[in-house]
Structures are given as C-alpha cells and as structure tokens.
Amino acid sequence: EIPLYLHIQVRDTGVGLTPEQCEKIFKPYEQAESSTSRKYGGTGLGLTLCDQLIQLMHGRCWVSSKVGKGSCFHLVLSLKYFHEATRH
C-alpha cells in the first residue's frame with residue numbers, strides 16, 4: 001500500500017473574496033454576500049455539502065482568494081495505491 005494524494009484546484013478570475021468571506025463560505029446557508037443569492041439563486045449549501053463529502057473521504061478543502069483577482073478552491077484526497085504484486 002502506497003499513500004497517494006490527489007490535489008484538485010479550481011480557479012476563477014472573479015471578484016475574489018475577503019479573508020472574512022473565506023472563513024464563512026463553507027458554513028451552511030452562508031454565501032460570500034447576501035446579494036449573490038438574489039442575483040444567482042442558491043441556498044448556500046453547495047460548498048458545505050462538498051466539504052462534508054470530502055471529509056467523509058478523509059480529505060480536506062479550502063479556498064485561497066484575493067479581492068479583485070479571483071479565487072482558488074482546493075481539495076485534497078488521501079487515496080491508497082495498491083501495487084499489483086501486493087493484491088491477493
């Protein structure tokens with residue numbers, strides 16, 4: 001068994017998020033700003049559900065962002081690689 005980590009990044013060039021918005025964006029029913037839900041719809045559960053699923057798979061997710069530059073959402077999963085010779 002060989003440890004294997006998968007790191008996925010999704011970047012955008014949008015308006016970016018403040019550090020305060022980055023802290024709350026994975027909480028249930030939270031959005032970066034309240035006007036977003038009126039303009040684009042949504043409940044603020046999408047990132048919460050993603051975070052919970054990733055945690056169930058023993059991974060983690062986070063966001064890094066700069067206001068005016070965009071955001072990068074990260075997800076890291078810990079996987080197991082079994083070499084063919086070690087399988088039974």
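The structure displayed is predicted, hence computed values, not measured ones.

Conventions we followed
Residues numbered from 1 in each chain as written. Predicted model: local features only at pLDDT ≥ 70, side-chain atom pairs only at ≥ 80, totals over all residues. Heavy atoms only, no water. Helix = DSSP H or I, 4+ residues; strand = E, 2+ residues; numbered from the N terminus. Buried < 20%, exposed > 50% of the residue type's maximum accessible area, 1.4 Å probe, protein only. Contact = heavy atoms within 4.5 Å. Areas by Shrake-Rupley, 256 points an atom, 1.4 Å probe, with all protein chains shown as cover. Pairing = 2+ DSSP bridges. Axes fitted to C-alpha atoms, helices over the stretch in contact; angles between N-to-C directions. Phe/Tyr/Trp six-rings, centres within 6.5 Å; stacked < 30°, edge-to-face > 60°. Lys NZ or Arg CZ within 6 Å of the ring centre and 35° of its normal.

**Student:** Help me understand the overall build of the chain in this model?
**Tutor:** Helix and strand counts for the chain stand at 3 helices and 3 strands. Secondary structure elements in the chain, listed N-terminal to C-terminal, are β-α-α-α-β-β. In the chain, which comprises 88 residues, the proportion classed as buried is 23%. Counting contacts in the chain only where the partners sit at least 6 residues apart, residues at least 24 apart contribute 57% of the total. Of the roughly 6800 Å² that the chain leaves accessible, carbon and sulfur atoms contribute 59%.

**Student:** Would you mind showing me how to read the sheet that holds strand 1 (residues 2-12) here?
**Tutor:** Within a beta sheet, neighbouring strands are joined by backbone hydrogen bonds and run either parallel or antiparallel to one another. Pairing is antiparallel in the open sheet, where 3 strands are placed in the order 1-3-2. Each edge of the open sheet is held by one strand with a lone partner, namely strand 1 and strand 2 (60-66). Recorded for the sheet is a direction-independent mean angle of 20° between the axes of neighbouring strands.

**Student:** Got a minute to help me understand the packing of aromatic side chains in this structure?
**Tutor:** Each pair of aromatic rings is reported with the distance of its centres and the angle of its planes. Using the criterion set out here, one finds 0 aromatic pairs in the structure. The ring of Trp62 carries Arg60 above its face, with NZ or CZ at 4.1 Å from the centroid.

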